[in-house]
Amino acid sequence: MTSLRSSFPPSFTWGAAAAAYQIEGAWNAEGKGPSVWDMLTSQPGRIWMNDSGREACNHFHRYEDDILMMRDLGFKAYRLSISWPRVMPAGTGAVNKKGLDFYDRLVDRLLEAGIEPWVTLFHWDYPYELFLRGGWLNPESPRWFEEYARVVVDRLSDRVGHWMTLNEPQCFLGLGHLTGEHAPGLRLGLEEVLLASHHALLAHGRSVQVIRSQAVRKPFIGFAPVGCISHPATNSVADADAAMRAMASVYPDNLWNNIWWGDPIFRGCYPEEGLRAYGKLAPKVQPGDMETINQPLDFYGCNIYSSTKVRAGDGGRIEVVAAGQGEAHTHFLWPVSPEALYWGPKFLAGRYGVPVVITENGLSLNDWVGLDGRVHDSARIDFLNLYLRQLDRAAAEGVDVRGYFHWSIMDNFEWAEGYKHRFGLVYVDYATQQRTPKDSAYWFRRVMQTNGASLYDEPDQSEPSFNNLPELQTSPL
Ligand code: IFM
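Colleague: It is not clear to me how helix 8 (residues 169–178) should be interpreted in this structure. Could you clarify?
Modeller: Along an α-helix, a turn takes 3.6 residues, which lines up residues three or four apart on a common side. Counted residue by residue, helix 8 has ten buried out of ten residues, so it is predominantly covered. Taken together, the buried positions of helix 8 are occupied by P169, Q170, C171, F172, L173, G174, L175, G176, H177 and L178. In the core, the buried residues of helix 8 are packed alongside strand 3 (116–122), strand 4 (162–167), helix 9 (190–214) and helix 11 (259–267). Positive phi appears at G180, one or two residues downstream of helix 8, with a value of about 85°.

This is the structure:
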């Protein structure tokens, strides 16, 4: 049935991802301290349907079964995040032994199941106590993060070899501190947010130093920003160039860009485009800051969901091409744009000269369990097939792509959107906590088993069986 081979290297990592606050629940169990997400979700009107992650998928208590399910679904890698306030309830100082023990057991069970843990240190659940001390605005915040990283690395690095520092700083700083939809729900001026961002970059650098110098297993380290991806409207060289320039742009009123984050980390300086765009609002870089931020990394983690179509206008000006009527979009209303997984990795690997790993990609749908007890998410299968073929195209052209993590392993708490969206390969019934692997989970298992070759399986052309349907009655109106 499989006629072609993929271009993914034999060592390619296939996996799925999730984050602590989105799946663990147990928000105050066994000594965990509150996070800014516990704070925000307790304020009526902030989250869709006033949902919260207090219970979520109750993965904290169900992790063993969840791991067995992942194993049976063929996973060999799983990207998880550590909850900082579960490990250090006040963010610094005292360590919550029971919290750290949880991650210890989680890692052990994963390894026993043959699943490699890829650990993210920070996926947005910032300790509330540190928020009260100024949070990312406090110049001490990089040091707090370093202290936390040290605790985690000390405990887990004899078994964990894959690390990511920050997940999507564009979101926890942009949505959390500038526009306020996400925790901690602040609406600060851009100057302050850029200062907080600078501290987050320093925190990243310090945590890389800790991992590099202290890890027992040889570490493979990256960070996981959200890729702001563009693709060309046509095959013309001018449009391709416009797409590349769009991905290297910084816009003056927000943080949605690649290079304000990537350049200091990989090149040791803020980009000229960014300094021009932000002007005097840009942070004052102190001596030694860039040396701290610019730690060697092993990969660039790309969280990529969609892409903006652009073309070269008059004089080469970048023009955004508006979506046509009825163009495909996800339940989140994000455009379905498979080219994202070709152009994004091509740009990012090219600019920074490091291997890339797709650390998140997927789509939200409004899935439900059908009459036959299964979840028939054919749109997710088609979406993934289209996107992964584009990633394969990038690999075929020599882009150094090392892995792909689907977002998400299971449906979960989608931040300000509550439980409105379902991103999982596994359906979660939040009332009963029953898990039901969706059709896409079985389809993805075969993709993983064949290292992507099954993406090129002949499509199933068999006619749906409508044989038993009664004849249509055509009566005059
Ligand atoms: O659910 C989020 C995740 O936490 C971060 N990246 C995007 C996902 C979908 O919105």
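Colleague: Quick question: what am I supposed to make of helix 5 (residues 97–112) here?
Modeller: Over its 16 residues, helix 5 extends 22 Å from the first C-alpha to the last, a length consistent with the 22 Å expected when each residue adds 1.5 Å. Of all the residues in helix 5, the buried ones are G99, L100, D101, F102, Y103, D104, L106, V107 and L110. In this fold, the buried residues of helix 5 make contact with helix 1 (20–23), helix 3 (59–72), strand 2 (77–81), helix 4 (84–87), strand 3 and helix 7 (141–156).

Colleague: Sorry, what's going on with the pattern of salt bridges here?
Modeller: Charged atoms that come close allow side chains of opposite charge to pair. Inspection of the entire model under this criterion finds 35 salt bridges. A salt bridge links R422 to D411; the nearest nitrogen and oxygen atoms lie 2.6 Å apart. In this pair, R422 is assigned in the loop between strand 11 (401–407) and strand 12 (426–429) and D411 in the loop between strand 11 and strand 12, connecting sequence segments eleven residues apart. Across the pair, D411 and R422 agree in class, each one buried.

Colleague: Please clarify how the site of the ligand should be interpreted in this entry.
Modeller: In the vicinity of the ligand, the contacting residues are Q22, H123, W124, N167, E168, Y305, W334, E360, W407, E414, W415 and F423. Take Q22: an N or O atom from its side chain is 2.7 Å from an oxygen atom of the ligand. In this structure, an oxygen atom belonging to the ligand sits 3.3 Å away from a side-chain N or O atom of W407. The fraction of the free accessible surface of the ligand (280 Å²) that becomes covered by protein chains is 95%. Put simply, the ligand lies in the largest pocket. When grouped by side-chain class, the residues that make up the shell around the ligand number six nonpolar, three polar and three charged.

Criteria and cut-off values
- Residues numbered from 1 in each chain as written.
- Predicted model: local features only at pLDDT ≥ 70, side-chain atom pairs only at ≥ 80, totals over all residues.
- Heavy atoms only, no water.
- Buried < 20%, exposed > 50% of the residue type's maximum accessible area, 1.4 Å probe, protein only.
- Helix = DSSP H or I, 4+ residues; strand = E, 2+ residues; numbered from the N terminus.
- Contact = heavy atoms within 4.5 Å.
- Expected span 1.5 Å × (residues − 1).
- Salt bridge = Lys/Arg side-chain N within 4 Å of Asp/Glu carboxyl O.
- Near = heavy atom within 4 Å.
- Polar contact = N/O pair within 3.5 Å; in protein donor to acceptor, adjacent residues only side chain to side chain.
- Areas by Shrake-Rupley, 256 points an atom, 1.4 Å probe, with all protein chains shown as cover.
- 1 Å grid on protein atoms, 1.4 Å probe; cavity = no way out; pocket = protein on both sides within 12 Å on 5 of 7 lines; lining within 4 Å.
- Sits in = over half its atoms within 2 Å of the grid points.
- Nonpolar A, V, L, I, M, F, W, Y, C, P; charged D, E, K, R; others polar.

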